[in-house]
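# Secondary and tertiary structure notes
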Amino acid sequence: MPSTRMPVRAWLWSAVSGLVGGASFLAAAELVALLVARGASPVLAVGSFIVDVVPQPLKEFAIAAFGEHDKIVLLIGIGLAVAIAAAIAGILQYLRAPLGVAAFVLAGILATAATVTRAGASALSALPPVIGTVAGSIVLMLLVNRLRRWMVSAPAGDVSVSAAVDSRGMDRRGFFRFGAVAATAAVIVGVGARAVSAASSSLGAIREELALPEPRATVTIPEGASFDIDGLSPLITPNADFYRVDTALTVPTVDPSTWRLVVDGMVDERVELSFDDLLGMGLDEYAVTLTCVSNEVGGGLVGNAVWLGVPIRDVLARAGVQGEADMVLSRSVDGYTASTPLTSLVDEGIDAILAVGMNGEPLPVEHGFPVRMVVPGLYGYVSATKWVTELTVTTFAEDEAYWTPRGYSARAPIKFSSRIDTPRTGSPVGAGTVPIAGMAWAQTVGISRVEVSVDDGPWQQATVSTPINDDTWVQWYLEWDAEPGTHYIAVRAVDRDGDVQTQERAPIAPDGSSGWQRVLVTVE
Ligand SMILES: Nc1nc2c(c(=O)[nH]1)N[C@H]1C(S)=C(S)[C@@H](COP(=O)(O)O)O[C@H]1N2
Ligand SMILES: [Mo]
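Residues numbered from 1 in each chain as written. Chains lettered and ligands numbered in written order. Predicted model: local features only at pLDDT ≥ 70, side-chain atom pairs only at ≥ 80, totals over all residues. Heavy atoms only, no water.

### Digging into the sheet that holds strand β6 (residues 337-341)
Selection criterion: The rule for pairing is simple: two strands pair if DSSP sees at least two bridges between them. The numbering of helices and of strands both runs from the N terminus, where a helix is a DSSP run of H or I of at least 4 residues and a strand a run of E of at least 2. Whenever a helix is involved, its axis is fitted only over the stretch in contact; in every case the axis is a line through C-alpha atoms, and angles between N-to-C directions fall within 0 to 180 degrees.
With mixed pairing, the 5 strands of this open sheet are ordered in space as β2-β1-β10-β5-β6. Each edge of the open sheet is held by one strand with a lone partner, namely β2 (271-274) and β6. Going from strand to strand, the sheet's axes swing by 20 degrees on average, the running direction of each strand aside. In this structure, strand β1 (residues 260-265) lies alongside β2, joined through 4 bridges in antiparallel fashion.

### Quick look at the UniProt feature "domain: Moybdenum cofactor oxidoreductase dimerisation" (unreviewed entry) in the protein chain
Stated precisely, the cut-off is as follows: UniProt positions are given in the numbering used here, feature names are shortened, and annotations may be inferred rather than shown by experiment.
Residues annotated by UniProt as "domain: Moybdenum cofactor oxidoreductase dimerisation" (unreviewed entry) correspond here to residues 420-504. Taken end to end, residues 420-504 is 0% helix and 53% strand, and its two terminal C-alpha atoms sit 18 Å from one another.

### A look at the site of ligand 1
Selection rule: Neighbouring residues are identified by heavy atoms, a residue being near a molecule or strand if any of them is within 4 Å of it. Here a polar contact means two N or O atoms within 3.5 Å. Within protein one must be a hydrogen donor candidate and the other an acceptor candidate, and residues neighboring in sequence count only if both atoms are side-chain atoms. With residues, only the protein chains shown are counted as cover, and all accessible areas are computed by Shrake-Rupley using a 1.4 Å probe. As a working rule, the residues Ala, Val, Leu, Ile, Met, Phe, Trp, Tyr, Cys and Pro are called nonpolar, Asp, Glu, Lys and Arg charged, and the rest polar, with Gly in that last group.
The environment of ligand 1 is formed by 19 residues, the closest being Tyr-243, Thr-247, His-367, Arg-372 and Lys-386. Between ligand 1 and the protein, one listed contact pairs a nitrogen atom with a side-chain N or O atom of Ser-332 at 3.2 Å. Between an oxygen atom of ligand 1 and a side-chain N or O atom of Arg-372, the distance comes to 2.7 Å. When ligand 1 sits alone it has 530 Å² of accessible area, and the protein chains cover 99% of it. For the shell around ligand 1, the residue count by class is 9 nonpolar, 5 polar and 5 charged.

### Notes on unusual backbone geometry
Look at the link from Ala-97 to Pro-98: it is a cis peptide, with omega at 0 degrees. With respect to the element layout, Pro-98 can be found in the loop between α4 (70-95) and α5 (99-116). Here Thr-422 and Pro-423 are connected by a cis peptide whose omega angle stands at 0 degrees. Note that Pro-423 resides in the loop between β11 (417-422) and β12 (432-441). In the Ramachandran plot, Trp-387 falls in the positive-phi region, its phi being about 50 degrees despite a non-glycine side chain. One non-glycine residue, Asp-456, adopts positive backbone phi at about 60 degrees. Looking at the secondary structure, you find Asp-456 in the loop between β13 (447-454) and β14 (460-461).

### Some details on the pairing of strand β10 (residues 388-394)
The two faces of the sheet receive side chains in turn, since in a regular strand these alternate between them. Let me state the cut-off plainly: Think of it in three bands: residues with accessible area under 20% of the maximum for their type are buried, residues over 50% are exposed, and the middle band is partly exposed, with areas taken using a 1.4 Å probe on protein chains only.
By the criterion of burial, β10 is predominantly enclosed, with 7 of the 7 residues buried. Looking at chain direction, β1 and β10 are connected through 4 bridges and run parallel. Paired with Gly-265 across the bridge in β10 is Val-393. Two strands pair when backbone bridges link them, and strand β5 (residues 327-332) and β10 are joined in this way by 6 bridges, in the antiparallel orientation. Bridge pairing in β10 links Leu-329 to Thr-392.

Pasting the structure below:
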């Protein structure tokens, strides 16, 4: 700590230390926001918070004075205020440690309050400002410590001893070296993270404006395809409720104008398609129920959508598949791969598609925008590659996919199954006539019957909805005369091949769960 007068350069460099600490704070926060909590960027959260709390007359004044630039002016204003506050924190840390760190912690608390109270905040929203505070405080502390060492070894007045000059030079270099590294890292990380966030939000705008061609053939929902029963899943899963499973830490951003699909491997001719090339092949609608291998019996990792797309067999035909091939390894822009049996992709009877639309809109970004695969009858991990950019025609002997060395089968047809949606364990129902209802699926084969057993009594046949096609799930229900007490309800399906859903329990690895769902319900 400086004992007497503080030299001018101590003021200057402690203020700079504060700025570098502040920049590290924001850069770390931006990076964490980008990775785990989009939208929890402290600067933007504080900005929206200010917009929300600023009194109406002041807002009107800002709009009158700055017009459409009011948001920019606000952000520049916040930037200046943050810079001044950070510089002051640096000086405080130099004068009386740990006052500067305390100022950073206070700023962190305010920023956390702003990010966690934002609309759409999640449990992770606190993480960016908290980690920013930690990173900024550490940089501030280390930098000011080095500055202090430099200043102590360089007392005001003349220095005649050469040893003092040496150590002064070293301490000075230590300060500048650390400061330069921290400042450079903060700028690169901060600007980079912000740029990626901004790019991905402009992708949202590109997606919004994308007008897909009308389908040549649409899906017709037949009469009697769905029942109106409280608690029963809808026949078509809304995009917002559709389960999402992938290995992507951040959602890949792929601009349709630069997207390319390469078809290569064991083909007569390598083919490359643009998004417009793909649309030009003609789009049709296909209703297909997707299922994840990680779906436990009775679980929710299954959803049904009307997809808009192009048959994969048409795309493969352009390249000309060679005889010995038996698999297509599809690759996503993020490196994910899936191994799909060639037969599932080229069979005339199977509607395997490259999908660009989902339930009447372009694919949502997290469901694979702009192009993904959808293959009826196979679990998603071996067939439903999102953000797909490459189809390599190959063999199972030659190549393996992402999950294959990680404990899952290279081939994985969906095990047909059934699920009880209502009534539920933990939600008691009143005595009297109660509908027992749920979903059942046997993609590519179709469901022929669903049976329900109460308290291990005889299997009773449920009423099954009219299927859209054999690739989609159906709804089913049974009117139950519920008597007070607790009861077990079990369900099993029978597919159109006449096979009965197996009672034998299997875990999700290596190729999907099996068994009957059996729920305990309370009747009051
Ligand atoms: N690029 C990519 N595609 C992927 C995956 C992935 O991890 N990365 N996961 C697959 C799995 S396991 C499933 S079940 C489906 C899920 O698709 P959804 O998230 O649209 O429901 O996507 C498949 N496609
Ligand atoms: Mo999955």
